[in-house]
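Close look at the chain arrangement
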Amino acid sequence: MNNVWNADRANTIIGQFRTVRGGLLPALHALQHHFGYVDDAAIPLLADAFNQTGADIYGVLTYYHDFKRARPGRHTIKVCRAEACQSMGSEQLLDDIKKRLNVDVGGKTLDGEFSLEQVFCLGNCALPPSIMMDETLHGRITIDQVESLCRKVRS
Ligand code: FES
């Protein structure tokens, strides 16, 4: 949801998993779901809640690549690079998006509007190439359509 970091809110979220066996991973997922990433400031809160060291928490956080450690852009573009989409030009599409938005995979645009991610199948293989803009799937998409979507969500 990309809410602004708030330690009280984070503590409330973490508290829901404090007594759950193996609750650390669900807590990390819940934090990421709420804030869009896991802020480093959550590490001591998690360490305290789960009676572990900060180094332990850091180890878990960095082991799983799904966890983002920096605040993402306001919007996220996910480009599918799996086989069906690749065969219909997703590599070129990804390159074009990188150039036109001036952003790398895993990064965000300078204005903080867009994060760019690569994924391997969005379940829309019949309509390649596919992207996901925030929560919406788009198939048979071109770079011009991606730009138009960006303008639309930006306004
Ligand atoms: S291969 Fe791209 S959506 Fe499945």
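Computed from a predicted structure; not experimentally measured.

The next thing to look at is the packing of aromatic side chains. Across all of its chains, the model carries 3 aromatic pairs by this definition. A ring pair is formed by Y63 and Y64, whose centres lie 4.9 Å apart and whose planes are at 85°; its orientation type is edge-to-face. Owing to a relative accessible area of 36%, Y64 belongs among the partly exposed residues under this scheme. Taken together, the ring pairs connect Y63, Y64 and F67 into an aromatic cluster.

All right, on to the pairing of strand β1 (residues 75–80) then. Of all 6 residues in β1, 5 are buried; the element is thus mostly enclosed. Two elements, β1 and strand β2 (residues 114–119), share 6 bridges in a ladder whose sense is parallel. Within β2, the position partnered with K78 by the bridge is E117. Bridge count between β1 and strand β3 (residues 131–133): 3 bridges; the pairing is antiparallel. Of the residues in β3, the one forming a bridge with I77 is M133.

As assigned here, the chain comprises domain 1 (7–63) and domain 2 (75–154). Taking only C-alpha atoms into account, the centre of domain 1 sits 30 Å from that of domain 2.

All right, on to the pattern of salt bridges then. Per the counting criterion, the structure on display carries 8 salt bridges. Two residues, R69 and D40, come together in a salt bridge whose shortest N-O distance is 2.6 Å. In this pair, R69 is assigned in the loop between α4 (54–63) and β1 and D40 in the loop between α2 (24–35) and α3 (42–50), connecting sequence segments 29 residues apart. Counted as one network, the salt bridges with shared partners bring together R100, D144 and E147.

All right, on to the nonpolar core then. Considering soluble globular proteins, one finds that nonpolar side chains tend to be buried as a cluster. Ranked by internal contacts, the top residues of the largest apolar core, which has 20 residues, are L28, L31, V38, L46 and F50. Examining the composition of this core, we find that 6 residues originate from one element, α3, more than from any other. L93, I131, M133 and C150 belong to the second-largest nonpolar core, a separate cluster that totals 16 residues.

Our next topic: unusual backbone geometry. With omega at -10°, the peptide bond leading from P128 into P129 counts as cis. Non-glycine residue N102 carries a positive phi angle of around 55°. Assignment of secondary structure puts N102 in the loop between α6 (90–101) and β2. Of note, the phi angle at C121 is positive, near 95°, even though the residue is not glycine. For C121, a relative accessible area of 39% translates into the label partly exposed.

Basis of the calculations
Along each chain, residues carry numbers from 1 onward, in the same order as the chain's sequence is written. Whole-chain, interface and lining totals are the exception, using all residues; otherwise, since this is a predicted model, local features are given only for residues with pLDDT of at least 70 and side-chain atom pairs are given and counted only at 80 or more. The side-chain figures draw on all heavy atoms in the structure; neither hydrogens nor water molecules are used. Side-chain rings of Phe, Tyr and Trp (the six-membered ring for Trp) are treated as a pair once their centres are within 6.5 Å; stacked means planes under 30 degrees apart, edge-to-face means over 60, and tilted covers the remaining angles. Exposed residues in this analysis have more than 50% of their type's maximum accessible area, buried residues have under 20%, and partly exposed residues fall in between, with area computed by a 1.4 Å probe over protein chains only. For the purposes of this entry, the term helix denotes a DSSP run of H or I that reaches at least four residues, the term strand denotes a run of E that reaches at least two, and both are numbered from the N terminus. For two strands to be treated as a pair, DSSP must find at least two bridges joining them. All the domain ranges listed were derived from an automatic or database domain assignment. Salt bridge criterion: a side-chain nitrogen from Lys or Arg within 4 Å of a carboxyl oxygen from Asp or Glu. Take the buried residues of types Ala, Val, Leu, Ile, Met, Phe, Trp, Tyr and Cys, join any two whose side-chain atoms come within 4.5 Å, and each joined set is a nonpolar core.

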